Amino acid sequence: MKLEDLGWDDHFRTQFSNQETEQGVLPARVSQGHRGGFYSVLCEEGEFLAEMSGRMQHAAKDGGGLPAVGDWVTIRTYKEKNRAIIHGLLERKNSLSRKGVSGRKSEIQGKITEQILAANIDTCFLINALDNDFSVRRIERYLTTVYNSGITPVVVLNKTDLVPDPEEYLDQINKVIFGVSVIPVCGLTNSGILDLSAHIQAGKTIVFIGSSGVGKSTIINRLFGMERQRVNPVRESDQKGRHTTTSRELMLLSEGGIVIDTPGMREFQPWMVEEEIEEAFNDIEELSLDCKFRNCTHESEPGCAVQEAIKAGKLDPDRYCNYTRMRREARFIEERTNLGTQQTERKRWKAITKLQKQIKKDW
Ligand SMILES: Nc1nc2c(ncn2[C@@H]2O[C@H](COP(=O)(O)OP(=O)(O)OP(=O)(O)O)[C@@H](O)[C@H]2O)c(=O)[nH]1
Ligand SMILES: [Zn+2]
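None of the values given here were measured: they were computed from a predicted structure.

J.: Explanation requested: the pairing of strand β5 (residues 83–89) in the structure shown.
T.: Looking along a regular strand, one sees the side chains alternate between the two faces of the sheet. One ladder, built from four bridges, connects strand β3 (residues 46–52) with β5; its direction is parallel. Across the sheet, Glu51 pairs through a bridge with Ile85, a residue of β5. Where strand β4 (residues 72–78) meets β5, six bridges bridge the pair, whose relative direction is antiparallel. What sits directly across from Arg76, in β5, is Ile85. From the end of β4 to the start of β5, which pair antiparallel, there are four residues, and Asn82 there has a positive phi angle of about 60°.

Here it is in structure tokens:
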């Protein structure tokens, strides 16, 4: 197995060669996380069942982070046992994560949590179904999150067989979204799947996101043909006994290209919008009903009930900070997503003024 086929590039090569690596330490890519702190990793010597070194486990507890599927790690192999020890984690190019507010009902309500779902991704296929659930607004939200993660998005419109005119949906999207490839496909008939393949290159890592039922599995299976079935079971053993897994979360396409498909990725959601934050922080929203000004930002206005609650020790200042930070983040995202709309507006307006000038001339 060549490292380049697994996605190894200069970003990681430089880091690895700058490290004082001891003899026998190799780079490897995490292909699956198992229970009990075990990982499957792929490297030049093949696939190994790995676990973190004691030192790395300590570092992880101190917030150093755990390896995720797609991560590049440094390992030492023990070939006779097909085992490996992970000694380090190379810096990620990017990642997709699940951000949320933990403990909605508890006192630490409002703490931002981040779980890395997949790391080092080049292209993200955002799958949508042309059914009742189709929403351009949702596509915009997904796209912003993907863009902000430094990943190239490709919009896929699946189930074209369900609508008389798929072009209509393309038009809807092109009105608000610019510079993103939009590909209509049909998972049932395989139509358009070749157009998808054009966005997949050797050594590049792709993921599939989108709501449940839009056809992610169907399309992934189409790309793999029959080979997806030919996966070797990974033997996994821990204190709780032995069991076997039969699917891999990081898979290589025979034509080149790496697909990451994990249960977590399937639940990937765009970041929260303002309404969702308000719901998670409903105590602050409730307090704000007593603010003097209706559009109070709760930052420096006089007569702010939220600030008063903090002073009176009724509201945890940390929780308040989280609230303002998340709200700011949501606003930032909203503004970014509205950019497309504004640009369309500007274009439309330009077209109108041009037309008006034309009319004046003609008369
Ligand atoms: N009509 C139609 N149905 C499709 C098409 N592609 C997939 N489906 C069907 O849609 C359903 C859901 O497809 P999946 O591939 O399981 O969807 P998924 O996105 O992987 O769903 P999750 O596993 O819940 O994330 C299945 O019944 C598919 O047969 C298509 O192009 N047209
Ligand atoms: Zn206020």
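J.: Help me understand the nonpolar core in this model?
T.: Taken as a class, soluble globular proteins show a tendency for nonpolar side chains to be buried jointly. Leu157 and Ile173 are the most contacted members of the largest nonpolar core, which totals 40 residues. Looking at this core, the elements with two or more residues in it are α1 (10–18), β7 (111–119), β8 (123–129), α3 (136–148), β9 (152–158), α4 (166–176), β11 (205–209) and β15 (258–260). Element by element, the count of residues in this core is highest for α3, at five residues. Taken domain by domain, this core gets at least three of its residues from each of domain 1 (3–89) and domain 2 (95–266). In terms of nonpolar packing, the next biggest core, distinct from the first, is built from 20 residues, Ile127, Val156, Phe208 and Leu223 among them.

J.: Hey, could you run me through the coordination of the zinc ion (ligand 2) in this one?
T.: Reference values for angles at a metal are 109.5 degrees in the four-donor tetrahedral case and 90 or 180 degrees in the six-donor octahedral case. Protein ligation of the zinc ion (ligand 2) involves Cys291 (SG), Cys296 (SG), His298 (ND1) and Cys304 (SG), the donor distances falling in the range 2.2 to 2.4 Å. Donor residues for the zinc ion (ligand 2) sit on one chain with the sequence pattern C-x4-C-x1-H-x5-C. Residue Cys291 is classed as buried on the basis of its relative accessible area of 9%. Judged by relative accessible area, which is 5%, His298 ranks as buried.

J.: Please explain the environment of Cys186 as it appears in this structure.
T.: Within the fold, Cys186 resides in the loop between β10 (181–184) and α5 (193–197). With a relative accessible area of 3%, Cys186 lands in the buried category. Along the primary structure Cys186 and Ile219 are separated by 33 residues, whereas in three dimensions their C-alpha atoms are 8.4 Å apart. With near-sequence residues (within four places) excluded, Cys186 lies in contact with Asn158, Lys159, Thr160, Asp161 and Ser191.

Calculation notes
Residues numbered from 1 in each chain as written. Chains lettered and ligands numbered in written order. Predicted model: local features only at pLDDT ≥ 70, side-chain atom pairs only at ≥ 80, totals over all residues. Heavy atoms only, no water. Pairing = 2+ DSSP bridges. Helix = DSSP H or I, 4+ residues; strand = E, 2+ residues; numbered from the N terminus. Core = buried A, V, L, I, M, F, W, Y, C linked by side-chain atoms within 4.5 Å. Buried < 20%, exposed > 50% of the residue type's maximum accessible area, 1.4 Å probe, protein only. Domains from an automatic or database assignment. Donors = N, O, S within 2.8 Å, 3.2 Å for Na, K, Ca; no water. Contact = heavy atoms within 4.5 Å.

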